[in-house]
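The chain contents come next:
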Amino acid sequence: MSGPVTIRLTLGEQLAVLAVTLVASAVAVAWSWTHAAFLLYGDAEAHIHIARRLFDSHRPGITQLGSVWLPLPHLVLAPLLMIDPWWRSGFAPVIPSAACYLVACMGLYRLARFWLTPPSALLGLALFATNPNLLYLQTTAMTEPLFLAELIWTVLLLVDWHQSLSANSKREGRLLWILIAVQVAAVYTRYDGWILAFLAWCGMATCLFRRGRLFRTNFILASVILLAAPVTWVVYNQVVFGDWLDFMRGPYSARAIEARTSASAVDPHPGWHNPWVALLYFLKAAEMDVAAFGWGEAIALLAAIGTGWGALQAMRPGAQSDGFITRSSKQTWLWTLLLWLPLPFYAYSVSYGSVPIFLPSWKPFSWYNTRYGMELVPALALFFGFAMDFLLGLLKHRRALHLALMVTVALLLAANCLFMLRQGPLTLIEAQKNTEARGYYNHVLTEALGTVHAADPGGIVLMDTSNYPSLVPHAGLTYRQTINESDKEFYWAALGAPAAHADMVLAFAGSDIDKAVHAHPEHLRVYQTFHSPNQGWDQLDATLYVSDTFPLPASLPAAPATPAR
């Protein structure tokens, strides 16, 4: 099999895909808007919080990015969060997330069309594009839509670049830089992007080495730029937080969170130090994310069959497809296997990386990180398309049966979407459970802070914004009207004399602020206390203090003026 892949992908074909996916995206956005679902995930609130404080804080700048989450999603969000209503409503992330969904859909279809006829490619795309879990996530600030777009386009560009090696040197150079840019973006989005970029670079280096072109200037320069991406993040952690690996072992790392939340030191979560169990949990999450009623197992099986069939077809010398394309070489087809990367990555991460996955159907019968299974959906969708191509090929000379199979599969995919909506998309249920756990404090503290802020609009609040970041926008405040843990020297100074630096103080039991108030209670009095009915590790009692000169609102009775103890 020699010669470049030729894709006769018409403009009308691409516009049709874009139009359909755009409608699906818009419907999902409208649903999330009317159901106030943009900020159901605590992580979505936190991503917005980090991005906003890049310019809305006492210490604006890149040091506000924190040490754990990678910076690109927050840098993309920051300009949109300057629009105040979009920040307070949670609408700002919809624009980039929905755009990533559209880009991912277009990329997956283009990738499928390298090998598949339009009907098979469309069936694979339909499985991906109509996924209610993905449609919900693309209305939030979660990073999955962005990374899925990067994953798909990395594979697509690798296939295209590999074909250009022997066909067009100028095009190869252009594709190389686009590919490096997408890989750098992946490195700055999620940590699995580091492995993706490394494997992609190794494959590219191998291809160039075999052609005696490994040490060409453009590839060396591109390699240096790609390497600089993870290096700069490690250096940033050292300079700002004093630890090269603060993102791995710092107080906000996955390891630290696991230590705080684990009920058992022996077996913190299923799959702990057991890669096989971890693999099963991740695969089950992916199956539940892709289909309803256990149909995900059938889709995973079909995807496995499609992978095997695609490999056999790629190895057939001189094979031609029945569609608009010529078959690529085995080496080119192998790039598609990168879509399966999340499988080993999360098997390791769950077992050794302090990344638990809880499923409602398996112990401990709960919802936690179920969205991680979404990263396998591109592989399941693409190779499902390969399986459909195989089955449709068996019936290519029997048009009636060929058409009947296409219609049947399309109807089953539509039914799957409807059933998933009826039983509730897994990621949406997880988000709802997530917001229920924070609901009490998000409600009562927002109300209390809004009241005291209205009484003293220029007042400063000393508070920790990491656990409940939406309190600030929903109470009508800005982050510059608070002194919080990201303000460092301002925060440390305020802990030494709370009343001297803030007009109001919100303290959770056992926190640094709570300890500071008890150590320096001068000129503070209790305004209101709060006791959460959900007594988890992050559901501690809270107390709102005001200074003794604070103008209490006349419309409400003052809480007992008990001095802080």
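Residues numbered from 1 in each chain as written. Predicted model: local features only at pLDDT ≥ 70, side-chain atom pairs only at ≥ 80, totals over all residues. Heavy atoms only, no water.

Notes on the confidence of the model for the protein
So, step 1. Looking at the protein, pLDDT values average 88 and 91% of them are 70 or higher.
So, step 2. Across residues 319–328, confidence stays below pLDDT 50; counting only partners more than four residues off in sequence or on other chains, it has 36 contacts.
So, step 3. Overall, residues 556–565 carries pLDDT values under 50, and its contacts beyond four positions in sequence, including any with other chains, amount to 16 contacts. (pLDDT = per-residue confidence, 0-100. Contact = heavy atoms within 4.5 Å.)

Remarks on a nonpolar patch on the surface
So, step 1. Nonpolar side chains collect at one region of the surface, where L227, V231, V235, V239 and W244 lie side by side and expose about 490 Å² of accessible area between them.
So, step 2. Mapped onto the elements, V235 comes out in helix 11 (residues 217–241). (Patch = residues over 30% accessible without salt bridge, like charges linked within 9 Å, V, L, I, M, F, W, Y side chains within 5 Å. Areas by Shrake-Rupley, 256 points an atom, 1.4 Å probe, with all protein chains shown as cover. Salt bridge = Lys/Arg side-chain N within 4 Å of Asp/Glu carboxyl O. Helix = DSSP H or I, 4+ residues; strand = E, 2+ residues; numbered from the N terminus.)

Quick notes on the nonpolar core
So, step 1. The biggest cluster of nonpolar side chains holds 144 residues, and the ones touching the most others in it are L111, F128, W161, L380, L449 and L506.
So, step 2. Looking at this core, the element that brings in the most residues is helix 8 (residues 144–164), giving 12 residues.
So, step 3. Ignoring sequence-local partners within four residues, the contact set of L380 consists of L127, A286, V290, I299, A300, A303 and W340.
So, step 4. Listed in part, the 14 residues of the second largest apolar core include L462, Y491, L495 and V505. (Core = buried A, V, L, I, M, F, W, Y, C linked by side-chain atoms within 4.5 Å. Buried < 20%, exposed > 50% of the residue type's maximum accessible area, 1.4 Å probe, protein only.)

A word on helix 3 (residues 72–81)
Note on helix geometry: an α-helix contains 3.6 residues per turn, so any two residues three or four positions apart are oriented the same way.
So, step 1. If you check which residues of helix 3 are buried, you get P73, H74, L77, A78, L80 and L81.
So, step 2. Elements that come into contact with the buried residues of helix 3 comprise helix 2 (42–52), helix 4 (84–89), helix 5 (94–112) and helix 8.

A closer look at the pattern of salt bridges
So, step 1. Using the criterion set out here, one finds 16 salt bridges in the structure.
So, step 2. The partner of D243 in a salt bridge is R249, with the nearest N and O atoms 2.8 Å apart.
So, step 3. What makes D243 buried here is its relative accessible area of 16%.
So, step 4. For R249, a relative accessible area of 46% corresponds to the partly exposed category.
So, step 5. The network of salt bridges with common partners includes D43, E144, R190, D192, R371, E375 and E430.

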